[in-house]
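# Observations on the three-dimensional arrangement
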Amino acid sequence: MALIFSALLSGGLRAAADHNDVRIASPWPAQNTIITMLGYGDNIVGTSGVAKQIPLFQQSLPRIKDVPVVSVNSGHELNPEQIISLGTELLFVPQNMKVPQAELLAQAGVQVLAFQANAMDALRQRVLKTGEALGPDARRKAQDYEQYFQRNVSLVTARLKDLPPSQRVRVYHSMGNPLTTTGRPSLNQDWMDLAGANNIAENWFGPKKSSAGEVALEQVVAANPQVIVAMNRRDADEIRTSAQWQGIDAVYHHRVVVNPKGMFWWCRETSEEALQFLWLAKTLYPQRFTDIDMAQETRNFYRTFFGLQLTDAQVNDILNPPK
């Protein structure tokens, strides 16, 4: 099913991707963000329902409201007939997504690019490989992004290099609901590692491949995180106000924060990941990052990589999501 990554470098995609009118589909919300960042948002003919609902994504790509949603059934399986009917030439999917009737798709001229997910290195490679697939202009943008990403890695690493393990802030990350979290290995663990966080759930899932799932509140209370990062405002509000959470250090000291969200949630598979660990490092260790203005970093990032001129109110909504 999956196209081998080396094919991206061998010229196998060049016939379709060298043309600016290449037709792209992806049910992967965060991959839509990457495609848009690389300058090919207008080429998306099949998208994700989640992506269509995010205001900043709509602002960056107004036509997205009219783009069909790629249907995925309960078995995480695509409908090949729909992909063909959209005139798709490049189909971007995560490796765990089922793409049936691969021969039928190939006969219709659909090239499937399946990428690994749930790891920082995989995300960085996905941006670069997507750039390779789309053409020279996208490749240059992807390389610029990689340079910015590496700049932030180097900056944060240098600031935290003398931080003893005993002084790493204990962090709990809720995603989707207050008692769903992730451990190692995972993308979330990777950005917490970079930001100098001690993920309290790091070893809670043992050898489980996904390293994610629901946990008991008693586990969280016993680990007593100093900071809680919630993906959604509603979860943060529940954690802050529920009597069951009140004994936790992060709640008592008002250090429950909502994860930034722009074109997508910064903590997930989006190119905005380059900002996530910088934001978290400054949140956890503000005294080590006094010269870093996250509002200005945010404004510069979206202007440079998405061509968006954000207002102060928009920057505030990204860094402090209202919902």
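Okay, so let's go over this structure. Within each chain, residues carry numbers counting from 1 in the order of the written sequence. Where totals are concerned, whole chains, interfaces and linings use all residues; where local detail is concerned, this predicted model gives features only for residues with pLDDT of at least 70, and gives and counts side-chain atom pairs only at 80 or more. The side-chain numbers reported here are obtained from all heavy atoms of the structure, hydrogens and water having been left aside.

### Some points on unusual backbone geometry
With omega at 0°, the peptide bond leading from R184 into P185 counts as cis. Helix and strand definitions follow DSSP, with helices as H or I runs of at least four residues and strands as E runs of at least two, each counted in order from the N terminus. Residue position: P185 is located in the loop between strand 6 (180-182) and helix 10 (187-194). With phi around 55°, Q101 is a residue other than glycine that occupies positive phi space. One can find Q101 in the loop between strand 3 (90-94) and helix 7 (102-107). The phi torsion at H254 lies on the positive side, around 55°, for a residue other than glycine. Locating H254 in the fold gives a position in the loop between helix 13 (249-252) and strand 10 (256-258).

### Here's the deal with the sheet that holds strand 1 (residues 24-25)
By definition, two strands form a pair when at least two bridges between them are found by DSSP. Taking strand neighbours across the sheet as the criterion, the 4 strands line up as 2-1-3-4 in an open arrangement whose pairing is parallel. Each edge of the open sheet carries a strand with a single partner, namely strand 2 (44-46) and strand 4 (111-115). Sitting on the sheet, helix 3 (residues 29-37) touches strand 1, strand 2 and strand 3, and the angle it makes with strand 2 is about 160°. Residue contacts follow a heavy-atom distance rule, with two residues in contact if any of their heavy atoms lie within 4.5 Å. As a rule, the C-alpha atoms of each element are fitted with a line to give its axis, helices using only the stretch in contact, and angles between N-to-C directions run from 0 to 180 degrees. Running at roughly 170° to strand 3, helix 8 (residues 120-134) makes contact with strand 1, strand 3 and strand 4 of the sheet.

### Some thoughts on the nonpolar core
Throughout, nonpolar core names a set of buried Ala, Val, Leu, Ile, Met, Phe, Trp, Tyr and Cys residues whose side chains join them through atoms within 4.5 Å. Only protein chains enter the area calculation, which uses a 1.4 Å probe; residues under 20% of their type maximum are buried, those over 50% are exposed, and those in between are partly exposed. Among the nonpolar cores identified, the biggest contains 73 residues, and F92, Y145, L280, F301 and Y302 are the most heavily contacted of them. Tallying contributions element by element places helix 9 (residues 136-160) first for this core, with 9 residues. Residues in contact with Y145, not counting those within four places in the same chain, are M37, L123, V127, S271, E273, A274, F301 and F305. Membership of the second largest hydrophobic core comes to 16 residues, among which are L217, I228, W245 and V258.

### With respect to the layout of surface pockets
A volume near 590 Å³ is recorded for the largest pocket. Cavities and pockets are defined on a 1 Å grid built over the protein atoms alone: a cavity is a set of grid points where a 1.4 Å probe fits but cannot escape, while a pocket is an open set with protein on both sides within 12 Å along at least five of seven lines, and lining residues are those with an atom within 4 Å of any such point. As for the largest pocket, its lining consists of 23 residues, and the residues nearest its centre are P94, N96, A117, N118 and E269. Under the grouping applied here, Gly and all other residues not named as nonpolar or charged are polar, the nonpolar ones being Ala, Val, Leu, Ile, Met, Phe, Trp, Tyr, Cys and Pro and the charged ones Asp, Glu, Lys and Arg. Residue classes in the lining of the largest pocket are distributed as 13 nonpolar, 7 polar and 3 charged. Grid points are joined across faces, edges and corners, and a volume is the space filled by probe spheres set on the points. Within this model, the second largest pocket holds a volume of roughly 290 Å³. P55, L56, K261, D317 and P322 are, among the 13 residues lining the second largest pocket, the residues nearest its centre.

### A look at the environment of N20
With respect to the helices and strands, N20 occurs in the loop between helix 2 (14-17) and strand 1. Since its relative accessible area comes to 57%, N20 is described here as exposed. Counting along the chain gives 20 residues from N20 to Y40, while the straight-line C-alpha distance between them is 7.9 Å. Beyond its immediate chain neighbours, meaning those up to four positions away, N20 contacts Y40, N43 and D137.

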